[in-house]
Amino acid sequence: MRSSLEKFVNFQSSISVAEPSVAPSLETRVIETRRRSLALADPLTAEDQCVQAMDDASPTKWHLAHTTWFFETFVLKPHLAGYRLFDERFPFCFNSYYEAEGDRHPRAHRGLLTRPTHAEVVAYRAHIDESLDKLFATGMAHETEIARLLEIGLNHEEQHQELLLTDILALFALSPLLPAYREQPSKPQSKQKGETGWMSFDSGIVEIGHTGSAFCFDNEQPRHRALVHPFRMADRLVTNGEWQEFMRAGGYTKPEFWLADGWALAKREGWEAPLYYRRRDNQWHEIGLGGLQPVDPDAPVAHVSYYEADAYARFAGKRLPTEFEWEVAAQRAAPDRNDLGSGLLRPMPAKNEHGVRQMFGDCWEWTQSAYLPFPGYKAPEGAIGEYNGKFMVSQMVLKGASCVTPAGHTRPTYRNFFYPWQRWQFMGLRLAEDAA
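Residues numbered from 1 in each chain as written. Predicted model: local features only at pLDDT ≥ 70, side-chain atom pairs only at ≥ 80, totals over all residues. Heavy atoms only, no water.

**Student:** Account for empty space enclosed by the protein, with residues named and values stated.
**Tutor:** Under the criterion given, the structure shown has three cavities of 30 Å³ or more. Reported here for the largest cavity is a volume of approximately 40 Å³. Taken together, Asp 48, Val 51, Gln 52, Ala 53, Ala 57, Ser 58, Pro 59, Thr 60, Leu 164, Asp 167, Ile 168 and Leu 171 make up the lining of the largest cavity. Looking at the lining of the largest cavity, its residues break down into seven nonpolar, three polar and two charged. (1 Å grid on protein atoms, 1.4 Å probe; cavity = no way out; pocket = protein on both sides within 12 Å on 5 of 7 lines; lining within 4 Å. Points joined across faces, edges and corners; volume = space filled by probe spheres on them. Nonpolar A, V, L, I, M, F, W, Y, C, P; charged D, E, K, R; others polar.)

**Student:** Any details on the environment of Glu 72? Residues and values, ideally.
**Tutor:** You can see Glu 72 is positioned in helix α3 (residues 60–79). For the pair Glu 72 and His 127, spaced 55 residues apart in the sequence, the C-alpha separation amounts to 9.7 Å. Setting aside residues up to four positions removed in sequence, Glu 72 forms contacts with Lys 77, Pro 78, Tyr 83, Leu 85, Phe 86, Tyr 124 and Ile 128. From its side chain, Glu 72 meets the backbone nitrogen of Phe 86 in a polar contact 3.1 Å long. (Helix = DSSP H or I, 4+ residues; strand = E, 2+ residues; numbered from the N terminus. Contact = heavy atoms within 4.5 Å. Polar contact = N/O pair within 3.5 Å; in protein donor to acceptor, adjacent residues only side chain to side chain.)

**Student:** Give a detailed account of the sheet that holds strand β10 (residues 416–418), specifying residues and quantitative values.
**Tutor:** What the four strands build is an open sheet, ordered β10-β9-β8-β11; its pairing is mixed. Each edge of the open sheet carries a strand with a single partner, namely β10 and β11 (427–428). (Pairing = 2+ DSSP bridges.)

**Student:** Lay out the sheet that holds strand β12 (residues 432–434) with the relevant residues and their values.
**Tutor:** Spatial ordering of the open sheet is given by β1-β4-β12, a layout of three strands whose pairing is antiparallel. Both outer strands of the open sheet, β1 (198–201) and β12, are each paired with one neighbouring strand and no more. Across the sheet, the mean angle from the axis of one strand to that of its neighbour is 20 degrees, orientation sign disregarded. Where strand β4 (residues 231–234) lies against β12, three bridges are found, and the strand directions are antiparallel. Within β12, the position partnered with Met 233 by the bridge is Ala 432. (Axes fitted to C-alpha atoms, helices over the stretch in contact; angles between N-to-C directions.)

**Student:** For the packing of aromatic side chains, give the residues involved together with the corresponding values.
**Tutor:** This model, assessed by the stated rule, comprises 36 aromatic pairs. Ring centres of Phe 90 and Phe 94 lie 5.5 Å apart, and the angle between their planes is 85 degrees; this geometry places the pair in the edge-to-face category. Of the two residues, Phe 90 and Phe 94 are both situated in helix α4 (residues 90–94); the distance of four residues between them amounts to about one turn of the helix. A single burial state applies to Phe 90 and to Phe 94, both of which are buried. Seen from their ring centres, Phe 217 and Tyr 414 are 6.0 Å apart, and the 85 degrees between their planes marks the pair as edge-to-face. Of this pair, Phe 217 sits in the loop between β2 (204–208) and β3 (224–228) while Tyr 414 sits in the loop between β9 (396–400) and β10, and the two are 197 residues apart along the sequence. Residue Phe 217 shares its accessibility class with Tyr 414, and that shared class is buried. Lying over the aromatic face of Trp 62, Arg 110 brings its terminal NZ or CZ to 3.7 Å of the ring centre. (Phe/Tyr/Trp six-rings, centres within 6.5 Å; stacked < 30°, edge-to-face > 60°. Buried < 20%, exposed > 50% of the residue type's maximum accessible area, 1.4 Å probe, protein only. Lys NZ or Arg CZ within 6 Å of the ring centre and 35° of its normal.)

**Student:** Run through the pairing of β4, naming residues and quoting values.
**Tutor:** Relative to β4, β1 runs antiparallel, the two being bridged by four bridges. Bridge assignment links Ser 200 to a residue of β4, and that residue is Arg 232.

**Student:** Which residues make up helix α2 (residues 26–41), and what values go with them?
**Tutor:** With 16 residues, α2 extends 23 Å from end C-alpha to end C-alpha; this agrees with the ideal 22 Å at 1.5 Å per step. Residues of α2 that are buried: Leu 26, Val 30, Thr 33, Arg 34, Arg 36, Ser 37, Ala 39, Leu 40 and Ala 41. (Expected span 1.5 Å × (residues − 1).)

**Student:** Describe helix α5 (residues 118–138), naming the residues involved and giving the relevant values.
**Tutor:** For an α-helix the count is 3.6 residues per turn, leaving residues at separations of three or four pointing the same way. Compared with the 30 Å implied by 1.5 Å per residue over 21 residues, the 31 Å span of α5 between its first and last C-alpha is a close match. Turning to α5, its buried residues are Val 121, Tyr 124, Arg 125, Ile 128, Ser 131, Leu 132, Leu 135 and Phe 136. Axial view of α5: buried residues confined to an arc of 145 degrees, hence all on one face. Facing away from the buried surface of α5 by more than 90 degrees, the exposed residues are Ala 119, Glu 130, Lys 134 and Ala 137. Check the buried side of α5 and you find it contacts α2, α3, α4 and α6 (144–172). Where α5 terminates, the next one or two residues include Gly 139, which has phi positive at roughly 85 degrees. (Arc of directions from axis to C-beta.)

**Student:** Report on the confidence of the model for the chain, specifying residues and quantitative values.
**Tutor:** Residues with a pLDDT of 70 or more make up 93% of the chain, whose mean pLDDT is 92. Low pLDDT, under 50, characterises residues 1–20; the stretch is placed with 22 contacts to residues that sit more than four places away or in other chains. (pLDDT = per-residue confidence, 0-100.)

**Student:** Describe unusual backbone geometry, naming the residues involved and giving the relevant values.
**Tutor:** Note the cis peptide between Arg 115 and Pro 116, where omega equals 0 degrees. Relative to the helices and strands, Pro 116 is located in the loop between α4 and α5. In this model, Gln 221 is joined to Pro 222 through a cis peptide bond whose omega is -5 degrees. By the element assignment, Pro 222 lies in the loop between β2 and β3. Although it is not a glycine, Asp 281 sits at a positive phi angle of roughly 50 degrees. Despite not being glycine, Asp 362 has its phi angle at roughly 70 degrees, a positive value.

Right, here's the structure in full:
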């Protein structure tokens, strides 16, 4: 039997060999996305897939079922003639936050759903996939509204593929055995420059947001004008080595670097290092998807909250960029992309490339911008309108991608968002400053 690592690598290869000049069809992309979810879950036992690490995380089994419920609810039930629910109990179990779709199982108790079983969830996915095949066979999938819903569904599933991995990491980090999700691939030779490069950007009125020429989420629109003042931005992410200088300098013990809410939280929770740092034999290690490994000082620091990122920036005499500055800087992005397609599953040292490096991989990047609607934004009608709009308060925007973001999922206008205290995702930072 092939190992889980072999199957994962072979699957990654199978989805990247298509002729780059020929865009895959919507049907092909839906099928590949659905298969990838099962491939990502394959290294896990049924027990692994049932447990919930914390309220913010969800069990793997729930991710597999919820993404399936999404296609069933928004695509198949309203648009495939004669479709009947796989199980009338499942909408209550696997609805996430769509009030228009009725009551749901409490989020914090998803780990208590030992039933339906893992086998039943796999059967549920197979039933939906067969029904999607029937939908494509009718030719209706090319109709504008159905195609839009299928695009949302596959992009939604890609978001949950990233969550599947970060949530299983959160679970494994709680285990005394500190298991690895899979074997750690060999580390490529680092080509990182020792010093941070700084790139300058002029002031001006800039166009921000998606044009609508291809798929985007509703929160990326409407495209609008914004004023950007002169600024400078670091050409790479802040590293573990630099973060440890902050730690040695007492960064977690000096309130002058911290926002008041962040300082209160750090003291209450006893923060003294990034979330998955562990001290072993007088050396810092880090829990990752490859298990416990010594911290790589040249790799980007990850799993830090907005509060920590902002405190580090103040310590360094800099600041975090705004999301508008980040989007402007993305026009000079280097071609390096360490996302899920690389198969490394961990942040890596910056490569020696021209441009702003590490913008679409390694770690999501905190910005100092609150997650708010763009001027003129209106949420779509119906339950789909609950996807983004109702969360536009009390959260911060992150840009870019991480080492577990599916390849091709993100873009310069993409707006990720989390609460400022959250840090179980691959969250990092790059520095910016005002220019004279």
